[in-house]
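# Survey of secondary and tertiary structure
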Amino acid sequence: MLPTETQILIVGAGPSGLAAAISLICNGVEPYDITIVDCLEKGANTSRAIGIHAATLEALDTYGCASKLVNLGIKGSAWTQTATEHVLGERLEELGVEVKRPWRVVGMKDSGECRGMDVTFESGETIRTKYVIGADGARSAVRQLSGINFADPDGKSIDDSIDDRVAQMALADVSISLSEEQSAVLASGVSLTVSDSGMFVLIPLGKPSVSELLYNSSEAVYRVGFSVPRALGEPPSKPSLEYIQSNLDQQAPFVLCSDPKLNPDPVRITKVHWSARYRTRSALADVFFKRVHGGFVFLVGDAAHVHSPAGGQMSSSIIESSDTY
């Protein structure tokens, strides 16, 4: 059940929202003064964003999260793959705060008498609060209800802010039929192919513990990503094995091709553990902090900004997920 009143309401239980709650508690806010809600019935159990930067780990180390992320992750010069939300969620429970699901914010208004604002949910229930942290993604309801503009910083329309060749992407975590020799080659690093039509990337996720934790699988798991030019239409919301295989055959190096005419040792996808389509966009909120309806609103994560993979250096806030496509 939701409380009728809270000091701080955090909307969105992704990495940004969970980390914000942990940070507040570690800096002196009492757990009972925080309520964190999410519109989804359960937390994401997929890899999604692929890397955690050193500076982020340093910040999370302050709050007792970094060591477990490092232990779970694949350590390398370029990539670290971890179950970020799982670790942050566990840490938040240790600190005494439970995420409440599923609660979708649909309204905010002044509660009157200088007592903050009333936040209304789709169910009809209301929480009175003084502070709202919007961590609810690129299509943030908190940002929209606060009247905060979200636009490309260069004045372009959001849909035109990224080159058409890389404006759409498909991503998937897959298992692949590989010989021992092929597995050894792919395990050694990232495979990246760039052409006039876009890009293709294959990343070994490596550690069995990661695939077991995320997908209950003992097989090696690889992240596959490729651009889909707008001229070819929208990719499926959850790309199928056949769709991914077709694009792998067309865009990946021939050593990863499934056609025996091109590759004497054909490589085929055997299972898709997770897949999604993405739009790369560039947008920035006018302000990250605003006094609204008698209370205060703060924006964090994708609710505050989204940008291309090049600009984000493959961080967790670079792209808008498939449920907002």
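Everything numeric in this text was worked out from a predicted model, so none of it was measured.

### Observations regarding the overall build of the protein
Regarding its fold elements, the protein presents nine helices and 16 strands. By residue count, 46% of the 325 residues in the protein fall in the buried class. For the protein, restricting intrachain contacts to residue pairs at least 6 apart in sequence, the fraction spanning at least 24 positions comes to 71%.

### Digging into the environment of Glu 94
Mapped onto the fold, Glu 94 is located in helix α4 (residues 84-94). Between the C-alpha atom of Glu 94 and that of Ile 22, which follows or precedes it by 72 residues, the distance is 9.8 Å.

### Observations regarding the pattern of salt bridges
For the coordinates displayed, the defined rule picks out eight salt bridges. With its nearest N and O atoms 3.4 Å apart, the salt bridge here joins Asp 38 to Arg 101. Of this pair, Asp 38 sits in the loop between β2 (34-37) and α2 (54-61) while Arg 101 sits in the loop between β3 (99-100) and β4 (105-110), and the two are 63 residues apart along the sequence. A salt bridge links Arg 91 to Glu 94; the nearest nitrogen and oxygen atoms lie 3.2 Å apart. Taken together, the positions of Arg 91 and Glu 94, both in helix α4 and three residues apart, correspond to about one turn of that helix. Under the relative-accessibility criterion, Glu 94 is labelled exposed at 60%.

### A short note on the sheet that holds strand β11 (residues 222-227)
Remark on secondary structure: sheet strands pair via backbone hydrogen bonds, oriented parallel or antiparallel. An order of β9-β10-β11-β8-β12 is seen for the five strands of this open sheet, with the pairing classed as antiparallel. Looking along the sheet, the strands with just one partner apiece sit at the ends: β9 (191-195) and β12 (268-279). Between one strand axis and the next, the sheet turns by 15° as a mean value, whatever way the strands run. With five bridges connecting them, strand β10 (residues 198-204) and β11 associate as antiparallel partners.

### Focus on the packing of aromatic side chains
Between two aromatic rings, the relevant description is the distance of the centres plus the angle of the planes. The final tally for this structure, using the stated rule, is six aromatic pairs. Consider the rings of Tyr 131 and Phe 298, whose centres lie 6.4 Å apart with planes at 40°: the pair is tilted. Residue Tyr 131 is located in strand β6 (residues 126-134), and its partner Phe 298 is located in strand β15 (residues 295-299); the two are separated by 167 residues in the primary sequence. Overall, Tyr 131 belongs to the partly exposed group, its relative accessible area being 25%. Judged by centre distance (6.2 Å) and plane angle (40°), the rings of Phe 226 and Tyr 243 are tilted. With Phe 226 in strand β11 and Tyr 243 in helix α8 (residues 241-251), the pair connects residues that are 17 residues apart, well separated along the chain. Classification of Phe 226 by relative accessible area gives buried; the value is 1%. Relative accessible area serves as the criterion here: at 23%, Tyr 243 is assigned to the partly exposed category. Here a set of aromatic residues connected by ring pairs shows up, and it is made of Tyr 131, Phe 289, Phe 296 and Phe 298. In this arrangement the basic side chain of Arg 143 is found over the ring face of Phe 150, its NZ or CZ atom lying 3.7 Å from the centre.

### What about the confidence of the model for the protein?
Mean pLDDT over the protein stands at 82; residues scoring 70 or higher make up 84%. Low confidence marks residues 77-81, where pLDDT is under 50. Its contacts with residues over four positions away, or in another chain, come to 19 contacts. Low confidence marks residues 310-325, where pLDDT is under 50. Its contacts with residues over four positions away, or in another chain, come to 44 contacts.

### Things to note about the pairing of β11
Most of β11 is tucked away: six of the six residues are buried. Burial of β11 is two-sided: the residues Tyr 222, Val 224 and Phe 226 facing one way and the residues Arg 223, Gly 225 and Ser 227 facing the other way are all buried.

### Some details on unusual backbone geometry
Residue Arg 101 is joined to Pro 102 through a cis peptide bond whose omega torsion reads -25°. You can see Pro 102 is positioned in the loop between β3 and β4. Not every positive phi belongs to a glycine, and His 293 is a case in point at roughly 50°. If you trace the backbone, His 293 turns up in the loop between β14 (289-292) and β15.

### What to know about α4
Taken residue by residue, α4 has Glu 85, Val 87, Leu 88, Gly 89 and Leu 92 as its buried positions. Buried-residue contacts for α4 involve α1 (15-26), β2, α2, α3 (66-72) and β3.

### Points about a nonpolar patch on the surface
A grouping of Val 190, Leu 192 and Val 194 is seen on the molecular surface, where their side chains present a nonpolar patch of about 280 Å² in accessible area. Relative to the elements of secondary structure, Leu 192 occurs in strand β9. For Leu 192, a relative accessible area of 54% gives the class exposed.

### Considering the side chain of Thr 35
Secondary-structure assignment places Thr 35 in strand β2. Side-chain polar atoms of Thr 35 contact the side chain of Thr 6, separated by 3.0 Å. Non-local contacts of Thr 35, meaning those with residues more than four positions away in its chain, are made with Pro 3, Thr 6, Ile 8, Leu 9, Ile 10, Lys 100 and Ile 127.

Each value, and the rule that gives it
Residues numbered from 1 in each chain as written. Predicted model: local features only at pLDDT ≥ 70, side-chain atom pairs only at ≥ 80, totals over all residues. Heavy atoms only, no water. Helix = DSSP H or I, 4+ residues; strand = E, 2+ residues; numbered from the N terminus. Buried < 20%, exposed > 50% of the residue type's maximum accessible area, 1.4 Å probe, protein only. Contact = heavy atoms within 4.5 Å. Salt bridge = Lys/Arg side-chain N within 4 Å of Asp/Glu carboxyl O. Pairing = 2+ DSSP bridges. Axes fitted to C-alpha atoms, helices over the stretch in contact; angles between N-to-C directions. Phe/Tyr/Trp six-rings, centres within 6.5 Å; stacked < 30°, edge-to-face > 60°. Lys NZ or Arg CZ within 6 Å of the ring centre and 35° of its normal. pLDDT = per-residue confidence, 0-100. Patch = residues over 30% accessible without salt bridge, like charges linked within 9 Å, V, L, I, M, F, W, Y side chains within 5 Å. Areas by Shrake-Rupley, 256 points an atom, 1.4 Å probe, with all protein chains shown as cover. Polar contact = N/O pair within 3.5 Å; in protein donor to acceptor, adjacent residues only side chain to side chain.

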